[in-house]
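# Working through the structure, step by step
Chain by chain, the residues:
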Amino acid sequence: MTPIDLIVTVCAVLSPATCEETHLVFSSDVSLRQCAMAAQPYIAQWVGEHPKWTAVKWRCEYPRNNQKASGEAVWSLG
């Protein structure tokens, strides 16, 4: 399997202007575009474990590579 970085921009629920990027490892034999489309359950799980944050966008990149695919969504669980 090839590791893919799933980079999620998250913002604080109580302060939406406070945002940061968090990196998750997405190991799979998929393309970057497939990673971006399949990332939603992983992002939802992360947000469920970190209820003070909401995801606003994400992208997939190969480590140390400029290729990327991204998606945008707002996730807020609980």
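All values derive from a computational prediction rather than experimental measurement.

## Quick word on the nonpolar core
Counting 16 residues, the largest nonpolar core has Ile4, Leu6, Val8, Ile43, Ala55, Trp58 and Cys60 as the members making the most contacts within it. If you list the elements that add at least two residues to this core, you get strand 1 (2-12), strand 2 (19-28), helix 1 (32-38), helix 2 (40-49) and strand 3 (53-61).

## Remarks on the state of the cysteines
Scanning all chains against the criterion turns up 2 disulfides. Two residues, Cys35 and Cys60, share a disulfide whose sulfurs are 2.1 Å apart. Linking Cys35 and Cys60, the disulfide has an S-S dihedral of approximately -75 degrees and is accordingly described as left-handed. One end of the pair, Cys35, is in helix 1; the other, Cys60, is in strand 3, with 25 residues separating them in the sequence. With respect to class, Cys35 is no different from Cys60; both count as buried.

## Brief notes about the pattern of salt bridges
Tallied over the entire structure, the rule returns 2 salt bridges. Here the residues in one salt-bridge network are Glu21, Arg59 and Glu61, joined through shared partners.

## Concerning helix 2
Residues of helix 2 that are buried include every one of Ile43, Ala44, Trp46 and Val47, and no others. When helix 2 is viewed along its axis, its buried side chains cluster within an angular range of 160 degrees and face the same direction. Turned more than 90 degrees away from the buried face of helix 2 sit Pro41 and Glu49, all of them exposed.

Scoring rules and cut-offs
- Numbers given for residues are sequential positions, taken from 1 along each chain in its written order.
- Restriction of local features to residues with pLDDT of at least 70 applies here, the model being predicted, together with a cutoff of 80 or more for giving and counting side-chain atom pairs; totals for whole chains, interfaces and linings are based on all residues.
- Processing note: side-chain calculations cover all non-hydrogen atoms of the structure and skip hydrogens and water entirely.
- Among the buried residues, those of types Ala, Val, Leu, Ile, Met, Phe, Trp, Tyr and Cys that are joined through side-chain atoms within 4.5 Å form a nonpolar core.
- For every residue, the accessible area obtained with a 1.4 Å probe (protein chains only) is divided by the maximum for its type, and the residue is called buried under 20%, exposed over 50%, and partly exposed between those limits.
- Here a strand is any run of E in DSSP of at least two residues, a helix any run of H or I of at least four, and the numbering for each starts at the N terminus.
- Any cysteine sulfur atom paired with another within 2.5 Å is treated as part of a disulfide.
- A pair is scored as a salt bridge if a Lys or Arg side-chain nitrogen falls within 4 Å of a carboxyl oxygen belonging to Asp or Glu.
- Think of the arc as the fan of directions from the helix axis to the C-beta atoms.

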